[in-house]
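# Descriptive analysis of the structure
Residue strings, one per chain:
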Amino acid sequence: MMEAPPQELSLRAILDTLKRQWVWVLMPPALLVAVASLYGFFLAKPIYASTATISVVPVQVPTQLFVPFPLLKSMALSKEVMWEVWEGLRRGGELPARWQGEGPTPVLDRMAKDFRIAEETSSPQGFLVASLTVQAPTPEVAARAANLWAEAVVERANAILRTRLDSLEKQLVSLEKAYHEARAQWGASKRASTLAQDRAEIEALTGEGLVPEGQRLVVLEARLGERVLLRRELAGLERNLAAVRSRIRFLEQEVKRSDSEFPELRKELISARLKEAELLAEREVLKNLIANVEGRIALLRDRIARAEVEEDRLKQALESTWIAYQNLRQVRVRLDEELAASGGEIARIVVPAYPMHEMVAPKRGLILALAFSLGLGLGVMAAFVAEALRPPRPEAAAG
């Protein structure tokens, strides 16, 4: 015997089934809506939110100083800032029960879950606007906590600027001290220096007007000096000595030829030899004088070179210290101008938090809608299950 194919379930049949099982259709939504209403209106504690807005403005010191949002967020959610807010609420007797407990760390961890920070606006130049939102059991506590939190974050951000200002001030003091020390060294070196006297002396010895160029002396002009005069005197003495020796050779030849006929020649020869000895002695004296002058000149040249190197070093140190000091002073002036324009701070509270009496939790409408939707789905399923388990009708069984 062949089985009859199953009939397709029509929309009318579905509606008829739901009508017959209307109790099962409506009972789950009614129960879930009742439970949701009990939770939303009686069991769940209301939560309110309040938001404070802060801004951070960059300054130049001398490079750009700004607080990026990741740094601001980590600073805002740090345990130090959370503890400061917690202490402020406790001192004012406004600390909610949900933020109370034993030990600071667990309490701060629970408390931080109700604190939210979001970036509202930022720019490549470092300008930043952030919102700080706090959820609490009452609107007043939420606003108070948000304002305490904003004040703590602003204070931490401005502390970065104060730290940089202190560092800048210390650099200024250090550079000013270094400049005065370099100036004192320059003055002491000038007072103790014999450079001018050494140059005058070497000019008198060599007859050369000298000017420094780098680390060597360049001849500016040449005049008669002691060394030149001594060399000229030595040259004249050498000529006289050569003439005397020539006269001696001539007299020796004449004495040999005349034998002893002319005794005056011998006397003249002896006189010439005495003159030669006298000239030789004078030549040695002149050579010693020239050697002394040359040694003195070499000593003066070395001393002048070293003095010029030291003078140049002190001068460069003085100039570089002065330039660094002036540059840092200009940076401080520009920073003061920027701070004056921004009120002396880089972070400030733009909009403080106010009590907002609209609850953010529980969301009663959403809870009821979800409960009704879930209950209705369960009710439809229960209706079809009840329809399937319902015994067949007598007329259907007889047929």
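Structure: see above.
We now turn to the structure provided with this report. Bear in mind the structure is a predicted one, so any value in this text is a computation, not a measurement.

This next bit is on the overall build of the protein. Along its length, the protein carries 11 helices and 9 strands. Across the 399 residues of the protein, 32% fall into the buried class. Restricting the contact set of the protein to residue pairs at least 6 apart, pairs at least 24 apart contribute 75%. Total accessible area computed for the protein in this model is approximately 25,200 Å², and 59% of it derives from carbon and sulfur atoms.

What follows covers the pattern of salt bridges. Summed over all chains, the structure comprises 19 salt bridges. Measuring nitrogen to oxygen at the nearest pair gives 2.6 Å for the salt bridge that ties Glu308 to Arg199. Residue Glu308 is located in helix α9 (residues 263–341), and its partner Arg199 is located in helix α7 (residues 195–206); the two are separated by 109 residues in the primary sequence. The class for Glu308 is buried, based on a relative accessible area of 7%.

The contact between helix α6 (residues 139–192) and α9 brings their axes to 9 Å, and the two run at 155°. Taken together, α6 and α9 sit at an angle that is classed as roughly antiparallel. For the element pair α6 and α9, the recorded crossing hand is left-handed. In terms of residue class, the contact of α6 with α9 is made up of 18 nonpolar, 4 polar and 8 charged.

Taking 1.5 Å of rise per residue, the 13 residues of helix α4 (residues 79–91) would be expected to cover 18 Å, and the 18 Å separating its terminal C-alpha atoms lies within 8% of that figure. Looking one or two residues past α4, Gly93 carries a phi angle of roughly 65°, positive in sign.

One broad rule of soluble globular proteins: the nonpolar side chains tend to lie buried together. If you look at the biggest cluster of nonpolar residues, it comprises 49 residues, and the most contacted ones within it are Leu72, Trp99, Phe115 and Trp149. Broken down by secondary-structure element, the contributors of at least two residues to this core are β1 (47–56), α3 (69–76), α4, α5 (104–112), β4 (115–122), β5 (128–136), α6 and α9. In terms of residues, this core owes the most to one element, α6, which gives 16 residues. Grouped together as the second largest cluster of nonpolar side chains are 21 residues, Leu205, Leu234, Leu241 and Ile290 included.

Parameters and conventions
Residues numbered from 1 in each chain as written. Predicted model: local features only at pLDDT ≥ 70, side-chain atom pairs only at ≥ 80, totals over all residues. Heavy atoms only, no water. Helix = DSSP H or I, 4+ residues; strand = E, 2+ residues; numbered from the N terminus. Buried < 20%, exposed > 50% of the residue type's maximum accessible area, 1.4 Å probe, protein only. Contact = heavy atoms within 4.5 Å. Areas by Shrake-Rupley, 256 points an atom, 1.4 Å probe, with all protein chains shown as cover. Salt bridge = Lys/Arg side-chain N within 4 Å of Asp/Glu carboxyl O. Axes fitted to C-alpha atoms, helices over the stretch in contact; angles between N-to-C directions. Parallel < 35°, antiparallel > 145°, perpendicular 65-115°, else oblique. Left-handed = near helix turned anticlockwise from the far one by under 90°. Nonpolar A, V, L, I, M, F, W, Y, C, P; charged D, E, K, R; others polar. Expected span 1.5 Å × (residues − 1). Core = buried A, V, L, I, M, F, W, Y, C linked by side-chain atoms within 4.5 Å.

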